[in-house]
Every structure is written in structure tokens, then in C-alpha cells.
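So you can see what is in the structure, the chains are spelled out below.
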Amino acid sequence: DGVADPLERLQRAAIAYYDDALLLDPKCDAAILQRGLALAELGEYPRAISDLSRALQIDPGLGEPYAVRALHAQAHNLYGEAYRNFREAVARSPSNPELRNWYGGFLMDAGYLQAGWAERQRAGELDPLSPLIAWHVGYAALVMGRPDVIEAYTAKALENGWEGPEP
């Protein structure tokens with residue numbers, strides 16, 4: 001397939017499955033939402049925002065569209081807008097580990113290390129089987145100077161199928 005990054009390969013495969021699901025049911029809100037999230041992970045924000053705006057029309061209570069808006073704002077150094085959108089995302093979807101992970105990364109990038117660390121840990125608690133989140137918690141532990149946590153979470157990332165070189 002020509003894609004070296006294992007995460008990108010999985011996201012591209014997921015997008016293809018969501019495309020297939022939407023051919024069968026163009027109003028499948030779960031497929032619209034998940035395709036939008038996968039597109040956002042790849043940095044394809046215009047398509048992601050379009051999908052997530054459609055999903056928000058179907059379910060106005062979703063937090064994910066706000067998280068993608070936040071990621072897009074962060075990518076363009078609009079930190080105030082990113083912060084407001086992340087706060088709205090987490091308020092609407094407090095138990096979504098992916099949103100908590102993204103928010104934690106944003107907070108750490110913005111220099112709010114303790115708050116970011118707490119969000120990344122919360123993401124790891126919410127989804128203990130995600131290899132990506134485990135790797136991110138391990139990396140946050142590195143930044144925070146917590147070698148005890150680094151080892152536990154990088155091992156968990158590998159155990160749960162992380163194929164990348166980072167751990």
C-alpha cells in the first residue's frame with residue numbers, strides 16, 4: 001500500500017471501511033463520525049470538519065466535532081480557539097479517551113504540563129487497551145520525569161499492538 005507508518009495504514013483502511021458503510025447507508029451517523037475522526041488524525045481537516053459538521057447535525061450533543069475544530073485551530077497556532085473547542089469537546093464527551101488524549105497533548109504543547117499529564121492519564125484509564133494512548137501516556141511520563149510510568153505504558157503499548165519504533 002506504500003504507507004510506512006502503521007497508524008496511518010490503519011487509519012486509511014478504516015476510512016475505506018467507513019466509505020463502504022456510507023455507500024450502504026449515507027446517513028449512518030457512526031460511520032460519518034468515525035470517518036471524520038480518522039481524517040482528522042491524518043490532518044485532512046477540511047474533509048474531517050465537513051463530516052463532523054454532518055454528524056453534529058444528526059446529533060447536536062457530540063463532542064468530537066469540537067475536538068477536530070480544536071486540532072485544526074492548534075495546527076494553525078490559534079491556541080485560544082483550540083482551547084475553547086477542546087473544553088467544549090470534553091464537556092460534551094467526558095468519557096471519550098481519544099478526546100482526552102488529544103486535549104492532554106494540546107495542554108502539554110501549550111506548556112500546561114501538569115494539566116496535560118492529568119488528561120493523558122485519564123485517557124489511559126478510559127481506554128487501557130489503546131496502544132496509541134498507552135504510547136502517549138508513556139511519552140507524557142517522559143516529559144514529566146516519571147520513569148516508573150514510562151516503562152509500564154510503553155510495555156502496554158507494545159503488548160496492545162503498537163508497531164511503531166517509539167516505545
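None of these values were measured; they are calculated from a predicted model.

(A) Quick look at a nonpolar patch on the surface. Together, L113, Y139, L142 and V143 line one region of the surface with nonpolar side chains, adding up to about 350 Å² of accessible area. A per-element tally of the nonpolar patch places helix α8 (residues 131-144) first, with three residues. Within the fold, Y139 resides in helix α8.

(B) Representation of the nonpolar core within the structure. L33, L37, V68, F86, W102, Y103 and F106 are the most contacted members of the largest nonpolar core, which has 30 residues in total. Listed by contribution, the elements that provide at least two residues to this core are α1 (6-24), α2 (29-41), α3 (45-58), α4 (64-75), α5 (79-92) and α6 (97-109). Top contributing element to this core by residue count: α2, with seven residues. The contact partners of F106, leaving out residues within four places of it in the chain, are Q74, Y79, A82, Y83 and F86. Residues A123, W135, A140 and Y153 belong to the second largest nonpolar core, which totals 14 residues.

(C) Representation of the pattern of salt bridges within the structure. In total, this model carries nine salt bridges according to the counting rule given. A salt bridge links E88 to R92, with the nearest nitrogen and oxygen atoms 2.6 Å apart. Here the residue E88 and the residue R92 both occupy positions in helix α5, the gap between them amounting to four residues, near one helical turn. Overall, the relative accessible area of 29% leaves R92 in the partly exposed class. Residues R146 and D148 are paired through a salt bridge, measuring 3.1 Å at the closest nitrogen-oxygen approach.

(D) Spatial organisation of the side chain of Q11. Looking at the element boundaries, Q11 is found in helix α1. You can call Q11 buried: its relative accessible area is 10%. Discounting chain neighbours no more than four positions away, the residues touching Q11 are A38, E41 and L42.

Rules used throughout
Residues numbered from 1 in each chain as written. Predicted model: local features only at pLDDT ≥ 70, side-chain atom pairs only at ≥ 80, totals over all residues. Heavy atoms only, no water. Patch = residues over 30% accessible without salt bridge, like charges linked within 9 Å, V, L, I, M, F, W, Y side chains within 5 Å. Areas by Shrake-Rupley, 256 points an atom, 1.4 Å probe, with all protein chains shown as cover. Salt bridge = Lys/Arg side-chain N within 4 Å of Asp/Glu carboxyl O. Helix = DSSP H or I, 4+ residues; strand = E, 2+ residues; numbered from the N terminus. Core = buried A, V, L, I, M, F, W, Y, C linked by side-chain atoms within 4.5 Å. Buried < 20%, exposed > 50% of the residue type's maximum accessible area, 1.4 Å probe, protein only. Contact = heavy atoms within 4.5 Å.

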